[in-house]
Amino acid sequence: MSDTHGKFIWVELMTPDMAEAARFYGHVVGWQTKDFGSPEMPYLVLEADGKGMGGVMELTDEHKGQGIPPNWTAYVDVDDVDATAKLFAEKGGAIRRPPQDIPEIGRFAVVADPYGAVLCIMTPLPMETGGFPENTQQKQGHVGWYELFTDNVDEAMAFYGDVFGWTKDHDFDMGEMGPYRIFAHKGKAVGGIMKRMPQVPVCHWGYYFNVDGIDDAITRVSTGGGQVVNGPMEVPGDSWIVNCVDPQGAYFSLVSQKK
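Residues numbered from 1 in each chain as written. Predicted model: local features only at pLDDT ≥ 70, side-chain atom pairs only at ≥ 80, totals over all residues. Heavy atoms only, no water.

Colleague: Tell me what's going on with the sheet that holds strand β15 (residues 239-245), and back it up with residues and numbers.
Modeller: Taken together, eight strands build an open sheet; the order of strands is β10-β11-β12-β9-β13-β16-β15-β14 and the sheet is mixed. At either margin of the open sheet sits one strand with a lone partner, and together these are β10 (167-173) and β14 (227-235). Averaged over all adjacent pairs, the angle separating strand axes in this sheet is 25°, with direction ignored. Sheet topology note: the strand β13 (residues 204-210)/strand β16 (residues 251-256) ladder contains three bridges and is parallel. Its bridge partner lying in β16, Tyr208 is registered against Ser253. (Pairing = 2+ DSSP bridges. Helix = DSSP H or I, 4+ residues; strand = E, 2+ residues; numbered from the N terminus. Axes fitted to C-alpha atoms, helices over the stretch in contact; angles between N-to-C directions.)

Here it is in structure tokens:
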């Protein structure tokens, strides 16, 4: 595995109303948007400090017909998309969308782990700009944390260790809820894995966006038409988090170093 294999490189929102999503997240997180699509396939790039960190694409009637709700999904860099997709399937996961090329961007596939949590994997093409931005976890507007809700923490950790090379950093004991497992990529802690709670309908990945002050961000979520579903909560590392749903129903989270 190369140093980039298993690294999160991009997040993407599928939503039925791209313009409204751009307005809402611009209000809440401060992102700017840049049109990067075509009439056949509209696409918006989300920028933090002038650098792209994610995108917005339309949730079409075809997607809805497949039972896909509004959602955020991350892209993980892999050395070989076809081989990694095959590995997902061999180890009990699934290939939701077979590998295909995105002109001038790279080759990608949509995959799911053995418990149904969905991710995208990608082998990016070399780019004149140097490729996807380096995500600093503390930087405003970037993804500060990646979180997996799963039905078996140990098995999920073993699975992702096999396919992405992730390693266990340490556990937080959450009592009856079991361990909250911090996982690392190349020795750097990037996210956590926890057992899915009964009120969470499916196993899934969640993404925490960095904001400056959680209370003010909560106000912006409400005034922007979104809803807070959990929090605010203080978590280890002197951080505050809140879990939310945007006006179209996509789940997202916010994290800040101050309340």
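Colleague: Residue-level account of helix α1 (residues 18-28), with values.
Modeller: For an α-helix, 3.6 residues make a turn, and residues three or four places apart therefore share a direction. Among the residues making up α1, those that are buried are Met18, Ala21, Ala22, Phe24, Tyr25 and Val28. Taking the backbone nitrogen of Ala19 as reference, a side-chain oxygen 3.4 Å away marks Asp17 as the first, capping residue of α1. Gly30, located one to two residues past α1, shows a positive phi value of around 95°. (Buried < 20%, exposed > 50% of the residue type's maximum accessible area, 1.4 Å probe, protein only. Polar contact = N/O pair within 3.5 Å; in protein donor to acceptor, adjacent residues only side chain to side chain.)

Colleague: Describe the pattern of salt bridges, with residues and values.
Modeller: Applying the stated rule across the entire model yields 13 salt bridges. Salt bridges here are not isolated pairs; linked through shared partners, they connect Asp154, Lys168, Asp171 and Arg181. (Salt bridge = Lys/Arg side-chain N within 4 Å of Asp/Glu carboxyl O.)

Colleague: How would you sum up the sheet that holds strand β7 (residues 106-112)? Please name residues and give values.
Modeller: Spatially, eight strands are ordered β2-β3-β4-β1-β5-β8-β7-β6 in an open sheet, and the strand pairing comes out mixed. Two strands in the sheet have a free side with no partner beyond their single neighbour: β2 (32-35) and β6 (94-102). With strand direction ignored, the average angle separating the axes of adjacent strands in the sheet is 30°. As paired elements, β7 and strand β8 (residues 118-124) share seven bridges and run antiparallel to each other. Bridging from a neighbouring strand, Ala109 pairs with Ile121 of β8. Here α1 sits on the sheet and contacts β1 (7-15), β2, β3 (43-48), β4 (51-58) and β5 (71-77); the angle it forms with β1, its principal contact strand, is near 125°. (Contact = heavy atoms within 4.5 Å.)

Colleague: Describe the side chain of His5, and please don't skip the residues or the numbers.
Modeller: Here His5 shows up in the segment before β1. Judged by relative accessible area, His5 falls into the buried class, the value being 6%. Among the polar contacts listed, one links the side chain of His5 to the backbone oxygen of Val163, at a separation of 2.8 Å. If we ignore the near neighbours within four places in the chain, the residues touching His5 are Asp77, Val78, Asp79, Thr84, Val163, Phe164 and His185.

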